[in-house]
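Chains, contacts and geometry: an overview
Chain by chain, the residues run as shown.
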Number of protein chains: 2
Amino acid sequence: MGVIEKVKKSARVAAVPAGALPLDSILMDDCIAAMKALPDACIDAVFADPPYNLQLGGDLNRPDGSHVDAVTDDWDKFDSFAIYDKFTRAWLKEARRILKPTGTLWVIGSYHNIFRVGTAVQDLGFWILNDIVWRKANPMPNFKGTRFTNAHETMIWASMGEKSRYTFNYRAMKTLNDEIQMRSDWELPICAGQERLKKDGHKVHPTQKPEALLYRVLLSSTKPGDVVLDPFFGTGTTGAVAKRLGRRFIGIEREPAYVEAAQERIEAALPLDESNLQIMQAGKAAPRVAFGTLVETGYLQPGTMLCDTKRRWKASVRADGSLVLADGQAGSIHKMGATLQGAPSCNGWTFWHYEAADGLRPIDAVRQTYLLATQP
Amino acid sequence: MGVIEKVKKSARVAAVPAGALPLDSILMDDCIAAMKALPDACIDAVFADPPYNLQLGGDLNRPDGSHVDAVTDDWDKFDSFAIYDKFTRAWLKEARRILKPTGTLWVIGSYHNIFRVGTAVQDLGFWILNDIVWRKANPMPNFKGTRFTNAHETMIWASMGEKSRYTFNYRAMKTLNDEIQMRSDWELPICAGQERLKKDGHKVHPTQKPEALLYRVLLSSTKPGDVVLDPFFGTGTTGAVAKRLGRRFIGIEREPAYVEAAQERIEAALPLDESNLQIMQAGKAAPRVAFGTLVETGYLQPGTMLCDTKRRWKASVRADGSLVLADGQAGSIHKMGATLQGAPSCNGWTFWHYEAADGLRPIDAVRQTYLLATQP
DNA sequence: CTAAGTCGTGAATCACCCT
DNA sequence: GAGGGTGATTCACGACTTA
């Protein structure tokens, strides 16, 4: 992985021959210029977290008098909706050109910008597949009591056109969600604690996204080995998660400070089967916990071998929370337990065990640990 | 309550003199034509559930072969985004004209249309206050397993402009939500069961909204007696809830079958009695009490010493209701609290305490005592 | 060492009346 | 209309401190 300092302006179009993409690299350049240097139809997925154009007023203080550290960076300032729209359409157009016909687009935003982005997405011919709501488990309150707590952000997921094929790993999502179809609203905590990149005690990037969000995005709509491009790379959450999930990435970021932080972070990221317990907090635990959540949040690592109490059968945990047997069969913890026993159903939580220091323990114990850690 | 069959086209503008609005009526007409007949700035809130522009390709069947009664009515077909945009801007422009400067706009939609609506709302000068996500507790599953379960709809809430005043019943919303600020995501069941209007076993309207949704909308952003207009009245959920909550309504609906169903339904709806409505206005209802009043009326004696919770700072109450510090500085309870803490502002009512028999008590407690003694 | 308490902070379009 | 004074207002979580 390396940083490509600046793409030559004179050689933008097809500067990079197909098959020789700058994979797993960060291009330090303007996003439109950098995309122009890539060939047509070479990317499987674009994830974009563009400036939101927040249009904030004066300072804001909490009831206790402390000051809110808001997003005041120059990159989020636009003089008018017209200028913002022009910018949006320009980068979307390039994203569309470099996407394969089977590729998909993800864009995240808030009410400040998402309607303008969505309109542009539709006007350019993309076909919206879902709008996904990221429900923040711990949003900042509305301190003055003037509105509803702004507790969510919106993602748009779109294919190249109405008739286009695209990747949707339905089974992976359903398994991750304990055998219930994944819905269009995802509850996840904001990026904080250990995961939040800091330098000299200050956050490196004002709007770093949680890895759990990108985990679900990439797992749902890309295949291993797919190339994911992020034109607003920031501190590289997309890259770190792509690496963990065995996807390739191309990041574009203009700010050297962000590039440096992203570089360091991605180098430290471990592909899934080697990664240690990651502190990737899940949402406020529901009464029900999906097995996939334990994997997503690092309580169980992909690759862990499970077996029944008498060690007659074995299975390996996959990244989406499914199990794979020795013969290649795969499915949920419940389904695989039932299949092996020839039973109509099976409670996977008590059937499957993992090897602990003091012997076999049911995976339900991990669920209990998770609940204890996340319940109030 | 009556149905005004058709507003004369020749007398649209100001046909209804201000003060003589067709309150608690359904106008059976095209929504733009009917709005044109209303005077400027006469409406407190507009709630709109416009056609969604769903472009379903053919019929949709469940895996068992049964038919899904989707939105296939003629009014829901638009040839292109351009036509839809034109229609959207036309009705929004009229809605804006008839809204008071202090009024607010609500629009509900799905990913098919909400981005276009939101862009139009912003372009016309409305100022978005929140986007609200209605999380459906029981959404229809995605039968084909090709996408995420579409489990929510989006509402846009906007004031007339960036600097416009508007109504937000913060206390009512907080009370409704168990004393925690109401968030921008609302979990509510879809409209089904007894509430769902049916005729001959078939639903009367394809997209009837639950009353709980309108209850929250109207309770949060209107006052008793306010006039609410719904340009896409359908089967009249807005009217039924407005009646229950002591608000006035004007509904516009073109389809005679819907008008008839709405008429019947609203006549059967029962208004809440006034005492309930009073309770829901609580908080705002409490009249402001000046600190000086408490001194004036003998609830606090001049010369009383006040301090903060940790007794770090002290001040003495003067006869005019100001505080004086040890160093001679004097001012209001708020200003002195802010000065001492070096904070931009301070709520003196909760900052300052007096010595009671059982320890320190905030001066706000004195205010409560005063209110209880003097309120009817 | 544990438990309880304190403090800091996060994509935020964040007041209103009277003169 | 601008400016100044009054007064209303926060949730969840992680890190750190104190008992």
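If you look chain A up in an unreviewed UniProt entry, it shows as Methyltransferase from Stakelama tenebrarum. Per UniProt, chain A carries the Catalytic activity (unreviewed entry) text "a 2'-deoxyadenosine in DNA + S-adenosyl-L-methionine = an N(6)-methyl-2'-deoxyadenosine in DNA + S-adenosyl-L-homocysteine + H(+)".

**A few points about the side chain of Thr222 of chain A**
You can see Thr222 of chain A is positioned in the loop between helix 5 (211-221) and strand 10 (227-230). Aside from chain neighbours lying at most four places away, what touches Thr222 of chain A is Ala45, Thr167, Asn169, Val228 and Arg247 of chain A.

**A short note on the interface of chain A and chain B**
Taken together, the 50 residues of chain A in the interface contact 49 residues of chain B. Buried area between chain A and chain B, summed over both chains or domains, comes out near 4,400 Å², and the portion from carbon and sulfur atoms is 50%. Counting every contact that joins chain A to chain B gives 4 salt bridges. Among the ionic pairs, Asp123 of chain A bridges to Arg116 of chain B, the shortest N-O distance being 2.7 Å. Summed over the shared surface of chain A and chain B, the result is 33 residue pairs in polar contact (both at pLDDT 80 or more). Among the elements of the structure, helix 3 (114-123), strand 5 (127-136), strand 6 (152-159), helix 4 (170-176) and strand 7 (185-188) of chain A are those that each provide at least two residues to the side of chain A that touches chain B.

**Focus: the protein's contact with DNA strand D**
Taken together, 22 residues lie around DNA strand D, and Gln194 of chain A together with Tyr170, Lys174, Gln181 and Asn347 of chain B are the ones closest in. Within 4 Å of the protein, the contacting atoms of DNA strand D are 60% sugar and phosphate, with bases supplying the remainder. In this structure, a phosphate oxygen belonging to DNA strand D sits 3.0 Å away from a side-chain N or O atom of Gln194 of chain A. Across the surface near DNA strand D, the residue classes tally to 10 nonpolar, 9 polar and 3 charged.

**Focus: the pattern of salt bridges**
Throughout the structure, instances matching the rule amount to 39 salt bridges over all chains. Here Arg89 of chain B makes a salt bridge to Asp123 of chain B, at a shortest N to O gap of 3.2 Å. Of the two residues, Arg89 of chain B sits in helix 2 (residues 81-98) while Asp123 of chain B sits in helix 3 (residues 114-123), which places them 34 residues apart along the sequence. Across the pair Glu187 of chain B and Arg135 of chain B runs a salt bridge, and its minimum N-O distance is 2.5 Å. A residue pair is termed long-range when its members are at least 10 positions apart, and Glu187 of chain B in strand 7 (residues 185-188) and Arg135 of chain B in strand 5 (residues 127-136) qualify at 52 residues. What you see here is one network of salt bridges that share partners, running through Lys36, Asp40, Glu94 and Arg97 of chain A.

**Quick notes on the sheet that holds strand 14 (residues 323-325) of chain A**
Residues and elements named next belong to chain A. If you trace the 6 strands from one edge of the open sheet to the other, you get 15-14-13-12-16-17, paired in antiparallel fashion. For this open sheet the edge positions go to strand 15 (330-331) and strand 17 (359-362), each flanked by a neighbour on one side alone. Bridge count for strand 14 against strand 15 is 2 bridges, and the pairing is antiparallel. When the sheet's bridge partners are listed, Leu323 is paired in strand 15 with Gly331. Set on the sheet, helix 9 (residues 333-341) makes contact with strand 14 and strand 15; between it and strand 14 the angle comes to about 25 degrees.

Definitions and cut-offs
Residues numbered from 1 in each chain as written. Chains lettered and ligands numbered in written order. Predicted model: local features only at pLDDT ≥ 70, side-chain atom pairs only at ≥ 80, totals over all residues. Heavy atoms only, no water. UniProt positions renumbered as here; feature names shortened; annotations may be inferred. Helix = DSSP H or I, 4+ residues; strand = E, 2+ residues; numbered from the N terminus. Contact = heavy atoms within 4.5 Å. Buried area = accessible area lost by both parts, 1.4 Å probe. Salt bridge = Lys/Arg side-chain N within 4 Å of Asp/Glu carboxyl O. Polar contact = N/O pair within 3.5 Å; in protein donor to acceptor, adjacent residues only side chain to side chain. Near = heavy atom within 4 Å. Nonpolar A, V, L, I, M, F, W, Y, C, P; charged D, E, K, R; others polar. Pairing = 2+ DSSP bridges. Axes fitted to C-alpha atoms, helices over the stretch in contact; angles between N-to-C directions.

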